[in-house]
Structures are given as C-alpha cells and as structure tokens.
2 protein chains.
Amino acid sequence: MSAKTNAPLLLCFDDELPSARRLAQAANMAVAPIERHRFPDGEIKLRLPTTLPAQVVILRSLNDPNEKLLELLLLAQTARSLGARHLTLVAPYLAYMRQDIAFLPGEAISQRIVGSFLAGLFDAVITVDPHLHRVATLQQALPATDAVALSAAPLLSDWIAAHRPQALLIGPDEEAAQWVAMAAARHGFDHAVCHKLRHGDRSVVVALPALAVRGRQVVLLDDVVSTGHTVARAAQQLLAAGAASVDVAVTHALFSGDALQLMQSAGIGEIWSTDCIAHQSNVVSMAGTLAAALTHLQDRIFSI
Amino acid sequence: MSAKTNAPLLLCFDDELPSARRLAQAANMAVAPIERHRFPDGEIKLRLPTTLPAQVVILRSLNDPNEKLLELLLLAQTARSLGARHLTLVAPYLAYMRQDIAFLPGEAISQRIVGSFLAGLFDAVITVDPHLHRVATLQQALPATDAVALSAAPLLSDWIAAHRPQALLIGPDEEAAQWVAMAAARHGFDHAVCHKLRHGDRSVVVALPALAVRGRQVVLLDDVVSTGHTVARAAQQLLAAGAASVDVAVTHALFSGDALQLMQSAGIGEIWSTDCIAHQSNVVSMAGTLAAALTHLQDRIFSI
C-alpha cells in the first residue's frame, strides 16, 4: 500500500462536519462525510467511501444517543467490510455513562450494556469528561477496548482565567469535587462544591458550600448540564447570598428543552461550553486535545 | 423450580399492551409490562420484573425501528442477567429487511447487520411476512437463530372472501406475485400483479397487468404499505380503466406521513390491515397465528 492509503481517514456525519474539519486539521488527517438517507418509514441507509484505509476514525458525539448508536452499528460493520481493520470512535460526549447501577431491582444497567456494545464495534474510544461515578475508569465501562478519557477542565480553566481572573469556582454537586479542584489548581482559583438532593429529573434542592460568596465573581463549573435545573437553582441561591455575578462553564452543553432560558432567567450571566456538543454557547474547542490523543494512539498502534 | 416459575412470560412495552394481551391470551401465557423512563437528554431507562422464568418472550413490532432496536439491546441483556435463558422476539413487523444489498458501492447492507444484531440478542425470532427479496429465507437474514416467518395471506384472503367474494386480487408489483398467488388460491380469486418502476422514495410509475378490470371489485394486496404512493397510483389507474371499486388489504400498515389521505384521495374505498402494526385500519388479528407458532417453538425447546 502507498503512504497515502495507509493514512488514517476521519469519517463524520453532515451535522458534525464543522467540528470534524477542526479535528482533521489539528490531527493532519483527511476527512470524508458519510452519506445518510432516511426513508419515509424511519429506516436509515448509510453510504461510506468505497475504499477505506486500514485505520478509520469516526467522529460522533452521542448526545440524543439512541438513533446514533444504531447508526454506529451500521457504520462500524460496513467500514470493516470495506477494509478498515482498526476503528476508533471519537465521541466527545459519551452517552449512557450515568446509568451505572440498578437503583431498583430489575433495572437495566445501561452503562455496562452500551459500553460493551461500543467495545464490540470499536477498537478504541476517545471521549471527554465521561460522567463516571461508581466505576473508577472508562476502561471498566468499555471492556476490551482502548478507552481514553480526556478532560476539558484545563481549557475551561484557562478560559475562566482570561475572562474572570478572580473567579470563585463552584461545582453544583459533590460528584464534581475532584474535577473542580483540578480546574481550580491550574490557576489557583478558590473553589468549593454544593450539596445536591435530587427528587426527580427536574426537581433538585441545592445547599451552598460554607464559604463567603458576597461580592465574588462565581463561575459554576460542571462536566454536563442537561435540564439546567441544578445550575439555575445554585445560581439563584448564590446571587441571593450576595455573589457579584454567576457564570457557567461546562464541558457538555446538552441543554435539553428550555435549559438555556431557565439558566438565563435564574440570573446567570455568561454560559461557556466546549464544542464536545455543538451549541451556540461553544467557546472552547477540544480539537487540539482530541487530535493529540488520536496521534498518540496511532503512534502506539503503528509501533506494535 | 415450580411449574409456575417454569411457565414462559411475555414482556411488552406500554404502547403494545393491547396486542400483547391478545397474544398472551391466545398462547395461554402471563404478560408483564416493561417500565420505561425517558430522561430529558433522550436516554432511556428500562425496568423488568425482578424474577424472570427461563423462557421469556418479548413482543415488539419494529416499525419506526431505530430507538426500538437500541431498547431491545438493553432489554435482552437485562433479561439474561435476571435469569432468562431462552429469549424469543416476536416482531410482527421486522425492520430493515429491504436493505439486503449494496445498490451502490459503499452502502451498508443493513438487513445483514440488523439481522446479525438481533440474532446475537435472541434465541428465536418470529415475524410475519418479512419483506425478503434477494435472500430466500428469513434464516439467512437472521443467522444462528430460530427464525420463523409466518404469513398473513391466509387470514387476509379469508377477510376478503367474506367482504368481496368476487374480488380480483392485484399485487402492486412483481415482488408480490408469489404472495398474491398464495392468497388467491385459498378462495379461488382471480389475480395478477402490476409492473412497478421506482424513481425515488415517493415517485413511482405503475403499469397495470394485461387483464380486464372493467366492472371488477379490485382488492390491492401487499405485504407492506409505507408512503402509499404505489397503491394510490395503481388505484387511480384501475379506476380509470373501469374497475367498479378498489380496496386495499395489507399485512403491515406502516402508513408513513400522509399515506392514509393519499390513498383515500386516490379513490380507494376500504383499507384493511392486520394488527402487526397497530393502526385504525386493523381488522385482522394475528394473535392466533403468532400464538400457534410460539407454542410450537416452546414444545420443540422443551423436547430437547
């Protein structure tokens, strides 16, 4: 094979072409879109480039995940039949990582099932800030796969340092403690976490940390914001306690339904997110971080 | 184990509870609904009965298939972790059976991929009138599984005999020839098929068969109607050629978008379907046929 056909190729869907181009440029790879047709009955047909190199990388952020997971099944199997021998999934947002236990007997442990499904399709998976609680590593959720978990904390911390140099970083719940501490350490920010009690998808009670917030520029920092109820509730209480301003910095802008409005009407000023999920609030690109991980992975594969 | 815990259990989703109850009654089985919660971010959580017998049957008709296929993954794996040892999928409508070849190089052969996916989850699959063209048997599409393909042609033929005893049965395309002949033979109906040229999902040209239709009560008979364009076009031409009436009898009432309106405004009188896909046009229940196949399958499993 020529050097050209050996070069890995990045495949993406139309709706992620802008972020795929940023990633391809940073990783010095070629990018090709996947043709996708949706029949009137809801079935999907995919068409890939007819000649694939041995190494194929697929970019797919797994917000709104169900149909995308089925597409990944079609895509991965077809890529292999067209010559791909090593498949890497770059999923800046990885779905179903929060359902890691049967809270009630009989519940599906979706993290384990979806993780094994993806591990069966891909040789490697690269993601950013996966929401892991009760499992320690991404490798446990994705057995028998090269699983790489990157973090957006450093780049979000840099962004905050540039825009709120005196920020007080607050995580909306204890789960975020370690991650907030990491972001804070990079620029010496003060930091703390709230205590959260959840009564349902949209009903939460937030207790502020025992630390003076009066006059402070608070930045609420989280790995994922879905309905926005938790950060909205935290912001209201912080402002009531005298905070000078409350902004939000988040890796994954899921922002389901009216999340954005809810946050804005709670008095939140700026909302900053990474491009892990495409959204108007994106200010930080993960392309460089993802590209570095891809290059590292490829070097390792080539060296075997 | 007691006889009771050995008895197979039928699991179903809320939206298919009526047809599940009909099937359970016909097969003399207990039925239990699956709890399903949809999170605001689109993720789904399933909860099954905590104690499952060794034999579990799942009813899921796979119209609008993508999310349902992901649910079947969660469901099958969870059922096994709760004690099920033999899983049967009853999918009165089986999706993705038409994409059985790469029409253009690089296309996903979705039938093979989805078939293997289901075969990996279930020990047996029972369906009705799967739309197979270039593969001869359902077993080829579902390798390593007990695959049972039933037909609604006899029951649809009986319905037509009761309501249009002098019917002329016409299939809208050559693919339906064998199936229409089978339905016609049961009651000695005259029959023929049209010649169809397709130019896109919604653009079709239909050539009528060379046979007198003037004054005849025509019933267009097909295994599946999706957009309704083909039967609507055929009906218009049959009425223009002097047919006294045109009705439609179909196994799978997919009826995407405005299919029903389109068929009605083409001059079609009655539209009759089976309950393989729940729809207001359902007049024929497949419960008895499906139950007989289930019982036969269980007898075979028990006898091993």
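Residues numbered from 1 in each chain as written. Chains lettered and ligands numbered in written order. Predicted model: local features only at pLDDT ≥ 70, side-chain atom pairs only at ≥ 80, totals over all residues. Heavy atoms only, no water.

1. Quick word on the interface of chain B and chain A
Size of an interface: often given as the accessible area lost when the parts come together. Facing 45 residues of chain B, the contacting portion of chain A comprises 45 residues. When the two sides are added together, the surface that chain B and chain A hide from each other amounts to roughly 3800 Å², 58% of it contributed by carbon and sulfur. Counting every contact that joins chain B to chain A gives four salt bridges. Where arginine 98 of chain A meets aspartate 41 of chain B, a salt bridge forms, and the shortest distance between an N and an O atom there is 2.7 Å. (Contact = heavy atoms within 4.5 Å. Buried area = accessible area lost by both parts, 1.4 Å probe. Salt bridge = Lys/Arg side-chain N within 4 Å of Asp/Glu carboxyl O.)

2. Overview of helix 6 (residues 153–163) of chain A
Residue and element names in this part refer to chain A. Among the residues of helix 6, Ala153, Leu156, Ser157 and Ile160 are the ones counted as buried. End-on, the buried residues of helix 6 take up no more than an arc of 100°, which puts them together on one face. Where helix 6 is buried, its residues touch strand 9 (168–171), helix 7 (177–187), strand 13 (217–225), strand 14 (245–253), strand 15 (271–274) and strand 16 (282–284). (Buried < 20%, exposed > 50% of the residue type's maximum accessible area, 1.4 Å probe, protein only. Helix = DSSP H or I, 4+ residues; strand = E, 2+ residues; numbered from the N terminus. Arc of directions from axis to C-beta.)

3. Focus: the relation of the copies chain B and chain A
Superposition of chain B onto chain A requires a rotation of 180° combined with a translation of 0.0 Å along the rotation axis, giving an RMSD of 0.0 Å. Taken together, these values place the two copies in the relation of a two-fold axis. Minimal C-alpha separation from the rotation axis in chain B is found for glutamate 67 of chain B, amounting to 2.8 Å. Most of the interface of chain B is mirrored in chain A, where 100% of its interface residues are also at the interface. (Least-squares fit on C-alpha atoms with pLDDT ≥ 70 in both.)

4. Some thoughts on the domain arrangement of chain A
Residues and elements named next belong to chain A. Annotation of chain A at the domain level lists domain 1 (9–151 + 286–302) and domain 2 (153–283). For domain 1 versus domain 2, the separation of C-alpha centres amounts to 28 Å. With 13 residues of domain 1 at the interface, the matching set in domain 2 holds 16 residues. Where domain 1 abuts domain 2, roughly 1300 Å² becomes buried across the two surfaces, and 55% of that area is made up of carbon and sulfur atoms. Counting every contact that joins domain 1 to domain 2 gives one salt bridge. The tally of links between domain 1 and domain 2 comes to eleven residue pairs in polar contact (both at pLDDT 80 or more). In the side of domain 1 that touches domain 2, the residues fall into four nonpolar, six polar and three charged. (Domains from an automatic or database assignment. Polar contact = N/O pair within 3.5 Å; in protein donor to acceptor, adjacent residues only side chain to side chain. Nonpolar A, V, L, I, M, F, W, Y, C, P; charged D, E, K, R; others polar.)

5. Focus on the environment of alanine 108 of chain A
Looking at where alanine 108 of chain A falls in the secondary structure, it is placed in the loop between strand 6 (86–91) and helix 4 (110–121). On the basis of relative accessible area, alanine 108 of chain A is assigned to the buried category, the value being 1%. In this structure the C-alpha to C-alpha distance between alanine 108 of chain A and alanine 95 of chain A, which are 13 residues apart in sequence, comes to 15 Å. Not counting residues up to four positions away in its chain, the partners in contact with alanine 108 of chain A are Gln99 and Ile113 of chain A together with Leu46, Leu74 and Thr78 of chain B.

6. Let's talk about the side chain of threonine 145 of chain B
The residue threonine 145 of chain B is located in the loop between helix 5 (138–141) and strand 8 (146–150) in this model. Setting aside its immediate chain neighbours within four residues, threonine 145 of chain B contacts Ala119, Phe122, Asp123, Ala124, Val125 and Gln139 of chain B.

7. As for the pattern of salt bridges
This model, assessed by the stated rule, comprises 32 salt bridges over all chains. Between glutamate 67 of chain A and arginine 38 of chain A there is a salt bridge whose closest N-O contact spans 2.6 Å. Separated by 29 residues along the polypeptide, glutamate 67 of chain A in helix 3 (residues 65–81) and arginine 38 of chain A in strand 3 (residues 35–38) bring together distant segments of the chain. Arginine 60 of chain B is the salt-bridge partner of glutamate 71 of chain B, the closest N and O atoms lying 3.6 Å from each other. Of the two residues, glutamate 71 of chain B sits in helix 3 (residues 65–81) while arginine 60 of chain B sits in the loop between strand 5 (55–59) and helix 3, which places them eleven residues apart along the sequence. Neither residue differs from the other here; glutamate 71 of chain B and arginine 60 of chain B are each classed as buried.

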